[in-house]
Amino acid sequence: MSNTEYKKTKQKTKRRSVLVSASAIVLALLLLSAALWRISGYKRFFQASVEKWSRYYSVDEYLIYGMIYAESGGREQAQSSAGAVGLMQLMPQTAKWLAWREGIEYSEEMLLQGDYSIRLGCAYAAFLFERYDNYDCVIAAYNAGHGAVDKWLKDPEFSRDGKTLYRVPYAETEKHIVRVNRARSIYLALYPPAG
């Protein structure tokens, strides 16, 4: 191989190397921007309220963020076709009972206020944790009601130990458990606990 051919081959190799490197950088940037776009919806909605009420009721704040994300997508005025209301999507009867239990004022309109909804949602989660001490059961009860979860835990088809749900008969509730747990994990990864 002549010196000229050697130089041309070396230049082609160098150009290919630069092109491959540039392509890899562009691909990495595209993947990063896609990942950032995907997680951009995971904002800490009503952060001050979540921190305050989750601490007050000794409930995992990441669970509350996951519930808000899954229940209402952070929309304070959210209302479901089933009748659930507000950021934490509480049924008015459940919210009324929680307000009575907590000794605080209640009106259905107040459920559309973020801080109030979070307070009652945290109170409800704390009540459910006292009852179950299991994330999946708490999430299932928040979605389907604790009466349903109590029944499932007594049925060997759904629970082998009476404490853990191995199967959930409601497809919507099963999907909800997965969605809340996934959102909780993402919040933990995006906003790790200090110290």
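Here the structure is shown first, and the text comes after it.
This structure is a prediction, so every number in the text was calculated from the model and none was measured.

Novice: Explain the packing of aromatic side chains to me, please; I cannot follow it from the model alone.
Specialist: How two aromatic rings sit relative to each other is set out by the distance from centre to centre and by the angle between their planes. Summed over the entire model, instances satisfying the criterion amount to 12 aromatic pairs. For the pair Trp97 and Phe127, a centre-to-centre distance of 5.1 Å together with 75° between the ring planes defines the contact as edge-to-face. Taken together, the positions of Trp97 in helix α4 (residues 92-102) and Phe127 in helix α5 (residues 114-132) put the pair 30 residues apart, joining distant regions of the chain. Assessed through its relative accessible area of 31%, Trp97 is described here as partly exposed. Phe127 gets classed as buried once you look at its relative accessible area, which sits at 12%. Members of the aromatic cluster, each reached through a chain of ring pairs, are Tyr42, Tyr65, Tyr69, Tyr187 and Tyr191.

Novice: Just checking my understanding: could you explain the packing of helix α2 (residues 47-56) against α5 for this structure?
Specialist: In a pair of packed helices, the angle between the axes and the distance between the axes together describe the arrangement. The geometry of α2 relative to α5 is characterised by a closest axis approach of 9 Å and an angle of 25° between their N-to-C directions. When the interaxial angle is binned, α2 and α5 end up roughly parallel. By crossing handedness, the relation of α2 to α5 is classed as right-handed. Between α2, through Ser49, Val50, Trp53, Ser54 and Tyr56, and α5, the contact on the second element is made entirely by Asp115, Ile118, Arg119 and Cys122. Residues of the contact of α2 with α5, tallied by class, amount to 5 nonpolar, 2 polar and 2 charged.

Novice: Help me out: how do you make sense of unusual backbone geometry in this one?
Specialist: Trans is the prevailing form of peptide bonds, just as negative phi is the prevailing case for residues other than glycine. For Ser58, which is not glycine, the phi dihedral falls at a positive 55°. Inspection of the secondary structure assignment puts Ser58 in the loop between α2 and α3 (61-72).

Rules and cut-offs
- Residues numbered from 1 in each chain as written.
- Predicted model: local features only at pLDDT ≥ 70, side-chain atom pairs only at ≥ 80, totals over all residues.
- Heavy atoms only, no water.
- Phe/Tyr/Trp six-rings, centres within 6.5 Å; stacked < 30°, edge-to-face > 60°.
- Helix = DSSP H or I, 4+ residues; strand = E, 2+ residues; numbered from the N terminus.
- Buried < 20%, exposed > 50% of the residue type's maximum accessible area, 1.4 Å probe, protein only.
- Axes fitted to C-alpha atoms, helices over the stretch in contact; angles between N-to-C directions.
- Parallel < 35°, antiparallel > 145°, perpendicular 65-115°, else oblique.
- Left-handed = near helix turned anticlockwise from the far one by under 90°.
- Contact = heavy atoms within 4.5 Å.
- Nonpolar A, V, L, I, M, F, W, Y, C, P; charged D, E, K, R; others polar.

Any functional reading would require information that these geometric values do not contain.
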